[in-house]
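Structure assessment
Take a look at the letters that make up each chain.
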Amino acid sequence: MTDVPILSMLKNRLGYLSDRQRIIAENVANADTPGYTARDLKPFSFQAHVQAATSPAAVAPAGVMAVTQPGHIQAPNARTGPAGAIVKTAKSPDSEETIDGNGVVLEDEMVKLTDTRMEYDAAVGIYQQATGFLKLAIKKPGS
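Residues numbered from 1 in each chain as written. Predicted model: local features only at pLDDT ≥ 70, side-chain atom pairs only at ≥ 80, totals over all residues. Heavy atoms only, no water.

A word on the pattern of salt bridges
As enumerated under the stated definition, the model contains 8 salt bridges in all. Note that D40 is salt-bridged to K112, the shortest N-O span being 3.8 Å. Taken together, the residues span a long stretch of sequence, with D40 in strand β1 (residues 39-41) and K112 in helix α3 (residues 106-138) at a distance of 72 residues. You'll find D40 and K112 in the same group, each marked buried. The closest approach of N and O atoms between K112 and E109, which form a salt bridge, is 3.3 Å. Here the residue K112 and the residue E109 both occupy positions in helix α3, the gap between them amounting to 3 residues, near one helical turn. Residue K112 shares its accessibility class with E109, and that shared class is buried. (Salt bridge = Lys/Arg side-chain N within 4 Å of Asp/Glu carboxyl O. Helix = DSSP H or I, 4+ residues; strand = E, 2+ residues; numbered from the N terminus. Buried < 20%, exposed > 50% of the residue type's maximum accessible area, 1.4 Å probe, protein only.)

What follows is the structure, given as structure tokens:
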């Protein structure tokens, strides 16, 4: 089923959203940690995934070592998830830091979390419909 491009991209999208939810949870957990800066993932791009799938060799982003074997060790600054999303530090220009240097704004994190949940639900719905169409297509007539 993952050979179907749309299902493969939806699977990558779901992996990205799971990673984003994990990062948001880390931000909330560190809301009182001195010097902690909120992080987020680079936005997910279907176009980038299509280009990566059609290119002859996947190239790692600039400054990131490529992990070509499961036994390879990732660079400490190159955390990636199953969707290949690179974790980056994100600082809102209008957010305030506390006296101890913490840059997590809980209200912003809750908005991101709600947005991520709605996008995840939508992707799951599309995935279910697509698999339903495939099941219907392979179903024998009269059964």
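Read on for the rest.
Observations regarding the environment of G101
With respect to the helices and strands, the residue G101 is situated in the loop between β2 (87-89) and α3. On a C-alpha basis, the gap between G101 and D32 in space is 9.8 Å, while along the polypeptide they are 69 residues apart. Other than its neighbours up to four places away in sequence, G101 contacts G35 and Y36. (Contact = heavy atoms within 4.5 Å.)

Some words on the packing of aromatic side chains
Tallying each qualifying case throughout the model produces 1 aromatic pair. On the numbers, 5.3 Å between centres and 45° between planes, the contact of Y16 with F44 is tilted. Here F44 lies in the loop between β1 and α2 (46-54) and Y16 lies in helix α1 (residues 5-29), a separation of 28 residues in the sequence. (Phe/Tyr/Trp six-rings, centres within 6.5 Å; stacked < 30°, edge-to-face > 60°.)

Describing the side chain of R20
Here R20 lies in helix α1. The contact partners of R20, leaving out residues within four places of it in the chain, are D40, L41, K112, D115 and T116.

Observations regarding the packing of α1 against α3
With their axes 9 Å apart at the nearest point, α1 and α3 run at an angle of 160° to one another. Relative to α3, α1 is oriented roughly antiparallel. Read as a crossing pair, α1 and α3 show a hand that is left-handed. Taken together, the residues of the contact of α1 with α3 sort by class into 16 nonpolar, 5 polar and 6 charged. (Axes fitted to C-alpha atoms, helices over the stretch in contact; angles between N-to-C directions. Parallel < 35°, antiparallel > 145°, perpendicular 65-115°, else oblique. Left-handed = near helix turned anticlockwise from the far one by under 90°. Nonpolar A, V, L, I, M, F, W, Y, C, P; charged D, E, K, R; others polar.)

A short note on the side chain of T131
Following the sequence through the fold, T131 ends up in helix α3. Of note is the side chain of T131, whose polar atom sits 2.9 Å from the backbone oxygen of Q128. (Polar contact = N/O pair within 3.5 Å; in protein donor to acceptor, adjacent residues only side chain to side chain.)

Description of α3
An α-helix turns once every 3.6 residues. As a result, residues three or four positions apart point the same way. The terminal C-alpha atoms of α3 lie 48 Å apart, and with 33 residues this matches the ideal 48 Å at 1.5 Å per residue to within 8%. Taken residue by residue, α3 has E109, K112, T116, A123, A130 and T131 as its buried positions. Each element contacted by the buried residues of α3 is listed here: α1 and β1. (Expected span 1.5 Å × (residues − 1).)

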